[in-house]
Amino acid sequence: MSKDVSATPLMTQYREIKARHPNAILFFRMGDFYEMFYEDAEVAARALDLTLTSRNNGGSAEVPLAGVPVKAASDYLRRLVQQGFRVAICEQIEDPKLAKGIVKRAVIETITPGAAFADDLLDVARNNFLCALHALGDEVGIAAADLSTGELRLIRCGVRDADAALARLAPREVLIAPARAEQESALDRLAAASGALVTTREAWEFEPALAEDALAQQFAVQSVEGFGIGAADAVAVGAAGALLRYLRELQPGGLPHLARPVLERPGGTMPLDEMTRRNLELVESLRAANDTSGTLLGVLDRTQTPMGARLLRQWILAPLTDVVAITERLDAVTALFTDALARAALREALDGVRDVERLAGRTAAGRATPRDVRALGDSLARLPGVLAALNRTSRGGMLAAIAEGWDDASALAREIQQTLVERPPLTVGDGETLAAGVAATLDELRAVATGGKDAIAALQAEERARTGISSLKVGYNRVFGYYIEITNANRGAVPADYQRRQTLTGAERYITPALKEFEEKVMGATERIETLERERFEALRAAVGAEVRRLQAIAQRCAQLDVLAALAEVAAREGYVRPVVDDGPALDIVRGRHPVVERMMPRDQFIPNDVTLTPDARMIILTGPNMAGKSTILRQIGLLVLMAQMGSYVPASSAHVGVADRVFTRVGASDNLVRGQSTFMVEMSETSAILHTATARSLVLLDEIGRGTATWDGLSIAWAVSEHLHERVGCKTVFATHYHELTQLADEFVSVRNYNVAVQEVGERILFLHRLKPGGADRSYGIEVGRLAGLPAPVIARARALLRVLEGEQLVPALGGAVRAGSAAGVATGSGARSAPLPADQLGLFGAALPDPIVERLKGVDANALTPMQALALLADLSADARTRQ
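Described in the following lines is the structure provided in the data block. (Residues numbered from 1 in each chain as written. Predicted model: local features only at pLDDT ≥ 70, side-chain atom pairs only at ≥ 80, totals over all residues. Heavy atoms only, no water.)

With that settled, consider the overall build of the protein. For the protein, the count of helices and strands is 31 helices and 26 strands. In terms of overall dimensions, the protein is more spread out than a globule: its C-alpha atoms have a radius of gyration of 38 Å, far above the 29 Å expected for 886 residues. Referenced to the eigenvectors of the C-alpha coordinate spread, the extents of the protein come out at roughly 150 × 75 × 60 Å. Going through the 886 residues of the protein one by one, you find that 50% of them count as buried. Long-range contacts, defined here as pairs at least 24 residues apart, represent 69% of the contacts in the protein between residues at least 6 apart. Accessible surface computed for the protein: about 40900 Å², of which carbon and sulfur atoms make up 52%. In the protein, 98 positive and 110 negative side-chain charges are present, and the distance between their average locations comes to 3 Å. (Helix = DSSP H or I, 4+ residues; strand = E, 2+ residues; numbered from the N terminus. Rg over C-alpha atoms; globule rule 2.2 N^0.38 Å. Buried < 20%, exposed > 50% of the residue type's maximum accessible area, 1.4 Å probe, protein only. Contact = heavy atoms within 4.5 Å. Areas by Shrake-Rupley, 256 points an atom, 1.4 Å probe, with all protein chains shown as cover. Lys, Arg positive; Asp, Glu negative; His and termini not counted. Charge placed at Lys NZ, Arg CZ, Asp CG, Glu CD.)

Here it is, written out as structure tokens:
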């Protein structure tokens, strides 16, 4: 009868640990492998393409089993986490040699998409945030932690701005309470829209009172008021409480590297909704997710450090709305822009600085390898050079504060470099970790261990002389230790004191008392070396980790310098200028350029354009053919405003930017099949969000609103939207359209201006000039664009013929006339557009235009020759004929 392995002490231990981590795959350490059992084994086998076996061979209590080698575990972990799994790492916490019975085991950490330390689970250029969401009334609180850097943020925002705030963080995992009320169901939708792994936690974990106690305990303070957190911030504090509790579950060893919380209240930065981030391609290309080529980030990212790359991304996604803060950044960029030598020296000094932020976090958490700690020390050793370069500048703006608070931790850098070898191994025991001279005992043991090679050579020569066997050799393997190998042909010459240890196909291996004594001496030295190195390294790691707050501040200063120097470098290389930024309502750009598009063209081939929006001319109706560049101009305007408000120079000859509280864009067409929304429904939803959210300080950029439905419905909507933005909102607006009727808005409203993107006609062909000029376009040149796209010549010829027919017919009265004759509401519903009948010969679109029989009869009538009775009879006949044709 087979033994029930599920009842063994080992499996009992496994089940007890697994019961505490039911939602994670348990990596259960057994020697050199992590084993998985039961459902975990089946799931992992499918996800990782592993061989699924069983713990006993076909018995009644067969246990599914799959395993991965400990040394290769990182790759398997990465693959599981990328697929959205949680993995609990259960380690042996005592030496198996000293264990009495089953080796003690415990989960030391749980890895999730939002909680990871290892480099291969992280993107070096972006934060890895884990967020918790909480709602109170019409406010949403977001607590965000990056476990790899220790960063902790608390954000308060309105419900409408929550999606923009969450999207800026781009979390990998989101915590929410179970849905019970309307606000919480809204949080469900918000979490699902983020694309992150959603984890549901108990509702009581979000209680603000409990959260305050948790924050005070974590940071060893009496009250959170010292962090600038007050009663009004309860919604964000509640989210932080749930986040802290979850992180403590994932990291039983504690969170010593978690930085003090930074609170963000509404008003300091500009929320950027999904359509604006997507349409302007700020950090991700429309062509592919996680692709920065062809984005604003791709243009501006000349950073030298990982911390700088992450901070630049944050700045792009959170433009400032405070003029003083913007000016501080611009002053710093100017100081570096004007001194090319100082800028080059600063960038060169930063070039060798590694990811101090994440290295410090791993060190404080006890996760850093010897190689990590040495990299941290080498990075700190470069900081005096960074300060020297900084001191060469005029220290404008932010640079002054950075220089005043500078700390290069020189003593810590020296301690690390003097303690560790220049190129330490990944793990203690895989090579020398501590430098010579650190410990006298260690140097002596190394002399014994390394001197063993000479001793082996001497022993081999001695035994060859004693036995007369010239092929005798002394060797070593990890299974049998040291041995003397003699071929079978020389077996007769083996001395009597040789003891057989292993038999091979063509040889025998032996040991001698002298060799055994040597082995014990060398092996003892090796084991003691590893023990001593581990003790000293862990002590060094703990000492460095205790300085984590200091190291995080150093990393932040380096990141700021890196971003400022990168912005100055881009400005100098690309010919950008410093914008004038104030709280006024105007936007004035002279010879502005699209920062991304111009990089994709030969230098000086991009056509710059001027744009001016003022309170007296705050709306531009922009017309022109397809391919003329209307969408490029729209995106260009939005990008230049965002660049100015993030503290960057801009691609223009000059720019005056009145700070916008929001930038909205509706450019391009898309649909959302997952939510069952058509292209037009998405367009209307996005337009609705703009109309409900925009203020007089906003910048609205619209492209082709209304094109996804019937022409007159679309034109009516476009007209009504324009009216609303002009009359009700009063914001700066640029509206690109093919509805040429909208140019009549300039006749109705004093603050509307018409502009078009110029083209030049050459015969029946057109040349795109890509230049803005006042006035509306009178043609769309769609047929010519079709020709450029390669439509067959017969199709082009037929389209031109039909166009001439249609251009000769007055299908509807002008919308402007409808507005003057009736109400704006009539236009909005399309009643003005539908007031005129369509001509019967519109069927000419599908064939030759047919003559109207009634018209033909009238052509043959001589009115002067008709008597009154004949005229009445003819009129009655024609009237009856007309009724039969309806």
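The next thing to look at is a nonpolar patch on the surface. A grouping of Val762, Leu767 and Leu769 is seen on the molecular surface, where their side chains present a nonpolar patch of about 240 Å² in accessible area. With relative accessibility at 44%, the residue Leu767 sits in the partly exposed group. (Patch = residues over 30% accessible without salt bridge, like charges linked within 9 Å, V, L, I, M, F, W, Y side chains within 5 Å. Salt bridge = Lys/Arg side-chain N within 4 Å of Asp/Glu carboxyl O.)

Applying the stated criterion to the full structure yields two cavities of 30 Å³ or more. In this structure, the second largest cavity spans a volume of roughly 40 Å³. For the second largest cavity, the full set of lining residues is Val611, Ile620, Leu622, Ile633, Ile637, Val734, Tyr755 and Leu772. Contributions of two or more residues to the lining of the second largest cavity are made by strand 20 (619-623) and helix 22 (630-646). A class-by-class count of the residues in the lining of the second largest cavity yields eight nonpolar, no polar and no charged. (1 Å grid on protein atoms, 1.4 Å probe; cavity = no way out; pocket = protein on both sides within 12 Å on 5 of 7 lines; lining within 4 Å. Points joined across faces, edges and corners; volume = space filled by probe spheres on them. Nonpolar A, V, L, I, M, F, W, Y, C, P; charged D, E, K, R; others polar.)

Of all the six residues making up strand 5 (residues 87-92), five are buried; the element is thus mostly covered by neighbouring parts of the structure. As paired elements, strand 1 (residues 25-30) and strand 5 share four bridges and run parallel to each other. Across the sheet, the residue bridging to Ile25 is Val87, located in strand 5. Pairing geometry for strand 5 and strand 6 (residues 105-111), over six bridges, is antiparallel. Along strand 6, the bridge assignment pairs Ala88 with Thr110. (Pairing = 2+ DSSP bridges.)

This paragraph deals with the side chain of Lys732. Examined against the element boundaries, Lys732 turns out to sit in strand 24 (residues 732-736). Asp661 is the oppositely charged side chain nearest to the buried, salt-bridge-free Lys732, at an N-O distance of 7.7 Å. Separated by 3.2 Å, the side chain of Lys732 and the backbone oxygen of Pro585 make a polar contact. Aside from chain neighbours lying at most four places away, what touches Lys732 is Pro585, Leu587, Leu613, Arg618, Gly658, Arg697, Ser698, Leu699 and Val700. (Polar contact = N/O pair within 3.5 Å; in protein donor to acceptor, adjacent residues only side chain to side chain.)

The four strands are arranged 13-14-16-15 in an open sheet whose pairing can be described as antiparallel. What marks the edges here is a single partner per strand, and that holds for strand 13 (473-477) and strand 15 (499-503). Adjacent strand axes in the sheet meet at a mean angle of 40° when their direction is disregarded. Note: strand 14 (residues 481-487) against strand 16 (residues 507-511), four bridges, orientation antiparallel. Among the inter-strand pairings, Glu485 is bridged to a residue of strand 16, identified as Arg509. (Axes fitted to C-alpha atoms, helices over the stretch in contact; angles between N-to-C directions.)

Time to look at the nonpolar core. One finds Leu282, Leu300, Ile316, Leu380, Leu561 and Leu564 to be the most contacted residues of the largest nonpolar core, which totals 114 residues. Tallying contributions element by element places helix 21 (residues 548-574) first for this core, with 14 residues. If we ignore the near neighbours within four places in the chain, the residues touching Leu300 are Leu312, Ile316, Ala566, Leu567, Val570, Tyr576, Met643, Met646 and Ser648. If you look at the next biggest cluster of nonpolar residues, it comprises 33 residues, including Ala177, Val224, Leu243 and Leu247. (Core = buried A, V, L, I, M, F, W, Y, C linked by side-chain atoms within 4.5 Å.)

All right, on to the sheet that holds strand 1 then. Strand order in the open sheet made by the six strands is 3-4-2-1-5-6, with mixed pairing throughout. Looking at which strands have only one partner, the edges of the open sheet turn out to be strand 3 (53-54) and strand 6. By the bridge criterion, five bridges tie strand 2 (residues 33-37) to strand 4 (residues 64-69) in an arrangement that is antiparallel. Counted as the bridge partner of Tyr34 is Val68 from strand 4.

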